[in-house]
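# Per-entry structural report
This is what each chain is made of:
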Amino acid sequence: SAERGVYYCFGCHKGGSIFNFIMEIENVTFIEAVKILAKKAGVTLENISDDTEKGKLRTTILDLNSRIANTFNYLLLNNPHAEHARNYLKLRKITQDTIKHFQIGYAPGDRNWLYNFLSSKHFSKEIMLKSGLFFERNSKLLSLFNDRLMFPIHNYRGEVIGFGGRALNNISSPKYINSPDSFVFHKRENVYGLYQALKSIRDKKKVVLVEGYMDVLAFYQSGIVNVVAPLGTAFTEQQARL
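Since we're looking at a predicted model, the values are computed, not measured.

As a further point, take the overall build of the protein chain. For the protein chain, the count of helices and strands is 10 helices and 10 strands. Taken over C-alpha atoms, the radius of gyration comes to 19 Å for the protein chain, in line with the 18 Å a tight globule of 242 residues would show. Taken over the C-alpha atoms alone, the protein chain extends approximately 60 × 45 × 35 Å along its principal axes. A total accessible area of about 13,800 Å² is found for the protein chain, and carbon and sulfur atoms account for 53% of it.

Notably, lysine 93 is not glycine yet its phi reads approximately 60 degrees, a positive angle. Within the fold, lysine 93 resides in the loop between α4 (83–91) and α5 (96–102). Residue classification places lysine 93 among the exposed residues on the basis of a relative accessible area of 64%. The phi dihedral of histidine 122 falls on the positive side, at around 70 degrees, and the residue is not glycine. Relative to the helices and strands, histidine 122 is located in the loop between α6 (113–120) and α7 (125–131). In this structure histidine 122 comes out as exposed when scored by relative accessible area, which is 74%.

Another aspect to go through is helix α1 (residues 18–26). Capping the start of α1, serine 17 holds a side-chain oxygen 3.2 Å from the backbone nitrogen of phenylalanine 19, two or three residues further along. Once α1 ends, the next one or two residues include asparagine 27, with phi positive near 55 degrees.

Counting residues in each nonpolar core, the largest one holds 50 residues, and the members touching the most others are Ile104, Leu118, Leu149, Phe163 and Tyr192. Of all the elements, helix α3 (residues 53–78) adds the most residues to this core, at 9 residues. Val191, Leu194, Ile201 and Val228 belong to the second-largest nonpolar core, a separate cluster that totals 6 residues.

About the thresholds
- Residues numbered from 1 in each chain as written.
- Predicted model: local features only at pLDDT ≥ 70, side-chain atom pairs only at ≥ 80, totals over all residues.
- Heavy atoms only, no water.
- Helix = DSSP H or I, 4+ residues; strand = E, 2+ residues; numbered from the N terminus.
- Rg over C-alpha atoms; globule rule 2.2 N^0.38 Å.
- Areas by Shrake-Rupley, 256 points an atom, 1.4 Å probe, with all protein chains shown as cover.
- Buried < 20%, exposed > 50% of the residue type's maximum accessible area, 1.4 Å probe, protein only.
- Polar contact = N/O pair within 3.5 Å; in protein donor to acceptor, adjacent residues only side chain to side chain.
- Core = buried A, V, L, I, M, F, W, Y, C linked by side-chain atoms within 4.5 Å.

Here it is, written out as structure tokens:
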């Protein structure tokens, strides 16, 4: 109700202010809801921070994901060990513009590399475990992704919430894996390419759903931008609502 400034759901019987609505829909804290609405309204906020444990954890994991996405992208473009990844993209006719636009990257073959990198950036073992990017073996954290082409998964605000990885050899199985569900990422509730497609989806009032990451890239290079893909799942009710 725009006049009263409140909402009510006759299905789940939840209601409240616009802030409550954003908190429920986005699964964020009150402070994060204020920031989202301020950005949408063009309002500048000063000296506002979320000091709750939930808010701090979300901020930390999103910062970790952002650093990893940038680093994987740098490795793909510059590291000699990523030559086979670059050759695969050339074979699939993926352009430099597309690589940059979707922030495609490369995860090194050494499963210890990511732990060492994040440790050097002062991320704790506890945070790394909660990120969903590692599994534990003999008290050691090993990277879930190794020697894979990496596809950062963004929410509609452009925050990196998870990753998809494609194997670059004939040994790794399965061919594609995604980040497991984590504090900031729920596979059944998100789609790939939404952030990049959002403006076009709004302009056209239409969205094209395709099977996977490479299909989204192919459509983008053909000039069809309002395209998203589910994340290796059957198309879910939550994705339809999104």
